[in-house]
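Listed below, chain by chain, are the residues.
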Amino acid sequence: MQQHQESPGSSSPAPDPTPESAAPENVETQPASPSHADIRRYRQYLADERAEAAVYRELAQRRDGEERQILLALAEAEGRHEAHWLKLLGEHAGMPKAASTRSQFLGFLARNFGSVFVLALAQRAEGRSPYGTEPAATPAMVADEQIHEEVVRGLATRGRNRLSGTFRAAVFGANDGLVSNLSLVMGMAATGVPSPVVLMSGVAGLLAGALSMGAGEYVSVRSQRELLNATLPTQATLTAAPSLDIEHNELVLVYLARGMTREAAEHRAAERMGLFSCDCDPSLSLQPEKPATDEHESVGSAWGAAMSSFCFFASGAIVPILPFIFGMTGFAALMVAGVLVGIALLATGAVVGLLSGTSPLSRGLRQLAIGLAAAAATYGLGLVFGATIV
């Protein structure tokens with residue numbers, strides 16, 4: 001009996017460590033155990049995940065085909081992250097919390113515009129995910145956010161390509177108008193000429209610059225299109241094929257010059273000459289002579305680029321002369337012009353930053369520094385020339 005009693009007693013220490021060792025593990029996975037700071041943080045994550053999922057669903061409603069499916073898959077992934085935070089919060093989830101200002105702004109853009117700006121902002125948001133330093137986030141969630149950034153980058157790139165030609169002309173036109181006319185106005189004012197002369201100089205600079213920008217963009221884009229057209233295949237092979245000498249088949253040379261392998265070139269030439277009545281090798285089958293995608297899509301139209309350059313240069317160039325138009329004179333007018341141009345430069349730089357997926361603030365400050373430096377240099381030269389004239 002004693003031995004029987006001692007046996008359980010001697011074996012009792014073995015099972016005791018098991019619940020003790022399991023206790024910390026249970027504490028870590030217990031949803032009801034987060035601290036007050038954890039609860040606040042988790043609830044914010046939960047609100048942001050819900051907002052981001054809503055953004056992707058809003059964008060999906062404006063897309064179709066493959067892009068729609070990609071956006072819905074992103075929303076589904078954000079839903080899985082939402083479920084993770086709900087599980088950790090448990091009864092502490094409480095009433096829905098407001099999303100961050102950034103997420104709310106994204107939602108507003110998605111509901112009302114659904115443009116590439118939303119995807120550019122979403123790309124930046126995915127790249128700044130806090131999950132990399134969040135202990136409660138799973139490794140899968142961290143990996144998801146990294147992949148999401150690349151997915152959104154790909155979707156945003158499509159939108160950037162669609163507007164890159166005209167957008168480039170618009171941004172550069174506005175920036176050139178702001179900087180060049182502010183420099184002109186500052187330089188003229190520094191020489192000491194009357195304010196009406198400064199105003200007329202600004203108006204002349206506006207018209208001359210806008211016309212020059214418009215003409216330059218038209219010639220640039222038109223020339224680029226002509227170069228692309230010169231590289232595209234023509235349909236000459238269709239009309240010339242029946243008359244070619246099969247023993248000296250020049251058609252093979254055409255396809256070799258286009259980058260095909262000799263096997264593919266000979267197969268295509270035989271198809272063109274009607275020697276194949278069946279598609280014997282699908283990998284070498286007939287393909288359209290022209291590429292399926294529009295090579296000109298990222299270039300933009302010549303007239304679109306010209307009009308954008310003209311209008312945006314004029315809209316930028318009018319800013320420095322606004323104080324003079326409304327009757328201001330002297331140093332006060334120059335100060336107001338500088339402030340207005342500075343605000344506009346920050347705005348154009350921020351737009352470039354948004355679309356490129358980089359910091360809007362850093363791009364805005366860069367534009368501002370370049371513009372004001374040019375104006376200051378011109379003002380200094382104006383002072384020198386003004387003193388020389390006197």
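How each quantity is defined
- Residues numbered from 1 in each chain as written.
- Predicted model: local features only at pLDDT ≥ 70, side-chain atom pairs only at ≥ 80, totals over all residues.
- Heavy atoms only, no water.
- Helix = DSSP H or I, 4+ residues; strand = E, 2+ residues; numbered from the N terminus.
- Buried < 20%, exposed > 50% of the residue type's maximum accessible area, 1.4 Å probe, protein only.
- Contact = heavy atoms within 4.5 Å.
- Areas by Shrake-Rupley, 256 points an atom, 1.4 Å probe, with all protein chains shown as cover.
- UniProt positions renumbered as here; feature names shortened; annotations may be inferred.
- Phe/Tyr/Trp six-rings, centres within 6.5 Å; stacked < 30°, edge-to-face > 60°.
- Salt bridge = Lys/Arg side-chain N within 4 Å of Asp/Glu carboxyl O.
- Axes fitted to C-alpha atoms, helices over the stretch in contact; angles between N-to-C directions.
- Parallel < 35°, antiparallel > 145°, perpendicular 65-115°, else oblique.
- Left-handed = near helix turned anticlockwise from the far one by under 90°.
- Nonpolar A, V, L, I, M, F, W, Y, C, P; charged D, E, K, R; others polar.
- Core = buried A, V, L, I, M, F, W, Y, C linked by side-chain atoms within 4.5 Å.
- Polar contact = N/O pair within 3.5 Å; in protein donor to acceptor, adjacent residues only side chain to side chain.
- pLDDT = per-residue confidence, 0-100.
- Patch = residues over 30% accessible without salt bridge, like charges linked within 9 Å, V, L, I, M, F, W, Y side chains within 5 Å.
- Expected span 1.5 Å × (residues − 1).

A. The overall build of the protein, seen in detail. From N to C terminus, the protein includes 15 helices and 0 strands. Relative to its full complement of 390 residues, the protein shows a buried share of 37%. Looking at the protein alone, contacts between residues at least 24 apart form 71% of all its contacts between residues at least 6 apart. Roughly 21800 Å² of accessible area belongs to the protein as shown, and the carbon and sulfur atoms make up 63% of that amount.

B. Inspection of the UniProt feature "transmembrane region" (unreviewed entry) in the protein at higher detail. When the UniProt feature table is mapped onto this chain, "transmembrane region" (unreviewed entry) is found at residues 302–326, 332–356 and 368–389. Structurally, residues 302–326 comprises 80% helix and 0% strand, and the distance from its first C-alpha atom to its last is 36 Å.

C. Structural context of the packing of aromatic side chains. Scanning the entire structure with this criterion turns up 5 aromatic pairs. With centroids separated by 5.6 Å and ring planes inclined at 50°, the aromatic side chains of tryptophan 85 and tyrosine 131 adopt a geometry described as tilted. On the criterion of sequence distance, the pair formed by tryptophan 85 in helix 4 (residues 65–89) and tyrosine 131 in the loop between helix 6 (116–127) and helix 7 (139–190) is long-range, its members being 46 residues apart. Neither residue differs from the other here; tryptophan 85 and tyrosine 131 are each classed as buried.

D. View of the pattern of salt bridges. A complete count under the given rule lists 6 salt bridges for this structure. Among the salt bridges present, the one from arginine 41 reaches aspartate 38, with a minimum N-O distance of 2.8 Å. With arginine 41 and aspartate 38 both in helix 3 (residues 36–61) and 3 residues apart, this pair spans about one turn of that helix. A relative accessible area of 28% places arginine 41 in the partly exposed class. Glutamate 67 is the partner of arginine 63 in a salt bridge, and the nearest nitrogen-oxygen pair spans 3.0 Å. Both residues of the pair, arginine 63 and glutamate 67, count as buried. Within the structure, one salt-bridge network assembled from shared partners comprises Asp38, Arg41 and Glu134.

E. Geometry of the packing of helix 3 against helix 6. At their nearest, the axes of helix 3 and helix 6 sit 12 Å apart, and the two run at 150° to each other. Our classification of the angle between helix 3 and helix 6 gives roughly antiparallel. The way helix 3 lies across helix 6 gives a crossing that is left-handed. The residues of helix 6 that touch helix 3, namely those facing Glu52, Val55, Tyr56 and Leu59, are Val118, Leu119, Ala122 and Glu126. The residue makeup of the contact of helix 3 with helix 6, split by class, is 6 nonpolar, no polar and 2 charged.

F. Geometry of the nonpolar core. The biggest cluster of nonpolar side chains holds 22 residues, and the ones touching the most others in it are Leu182, Val185, Phe324 and Val341. At the level of elements, helix 7, helix 8 (195–231), helix 12 (302–317) and helix 14 (330–356) are the ones that each hand at least two residues to this core. When residues no more than four places from it in sequence are discounted, the contact partners of valine 341 are Leu178, Leu182, Val319 and Pro320. Core analysis: the second largest hydrophobic core is formed by 19 residues, Ala60, Leu71, Ala110 and Leu155 among them.

G. Region of interest: the side chain of histidine 81. Tracing the backbone through its elements, the reader meets histidine 81 in helix 4. A polar side-chain atom of histidine 81 sits 2.9 Å from a polar atom in the side chain of aspartate 144. The residues contacting histidine 81, other than those within four sequence positions of it, are Glu49, Tyr131, Met141, Asp144, Glu145 and His148.

H. Region of the structure containing the confidence of the model for the protein. Per-chain confidence: the protein averages 76 in pLDDT, with 72% of residues scoring 70 or above. Looking over the protein, one finds the lowest element-wise mean pLDDT in helix 2 (residues 17–29), namely 43, and the highest in helix 13 (residues 322–325), namely 93. Ignoring residues within four places in sequence, the model shows residues 1–32, a span with pLDDT below 50, making 7 contacts including any to other chains. Here residues 282–299 is a poorly scored stretch, pLDDT under 50, and it has 38 contacts once near neighbours within four places are set aside; other chains count.

I. Here's a closer look at the environment of histidine 92. Residue position: histidine 92 is located in the loop between helix 4 and helix 5 (101–112). Counting along the chain gives 56 residues from histidine 92 to histidine 36, while the straight-line C-alpha distance between them is 9.6 Å.

J. Broad picture of a nonpolar patch on the surface. Taken together, the side chains of Met200, Val203 and Leu207 present a nonpolar region at the surface, about 260 Å² in accessible area. With respect to the helices and strands, valine 203 occurs in helix 8. Overall, the relative accessible area of 30% leaves valine 203 in the partly exposed class.

K. Spotlight on helix 12. Over its 16 residues, helix 12 extends 22 Å from the first C-alpha to the last, a length consistent with the 22 Å expected when each residue adds 1.5 Å. Among the residues of helix 12, those classed as buried are Ala302, Ala305, Ala306, Ser308, Ser309, Phe313, Ala314, Gly316 and Ala317.

L. Inspection of the packing of helix 3 against helix 4 at higher detail. Running from amino to carboxyl end, helix 3 crosses helix 4 at an angle of 160°, the nearest separation of the two axes being 8 Å. Taken together, the axes of helix 3 and helix 4 are roughly antiparallel relative to one another. You can see that helix 3 and helix 4 cross each other, and the crossing is left-handed.

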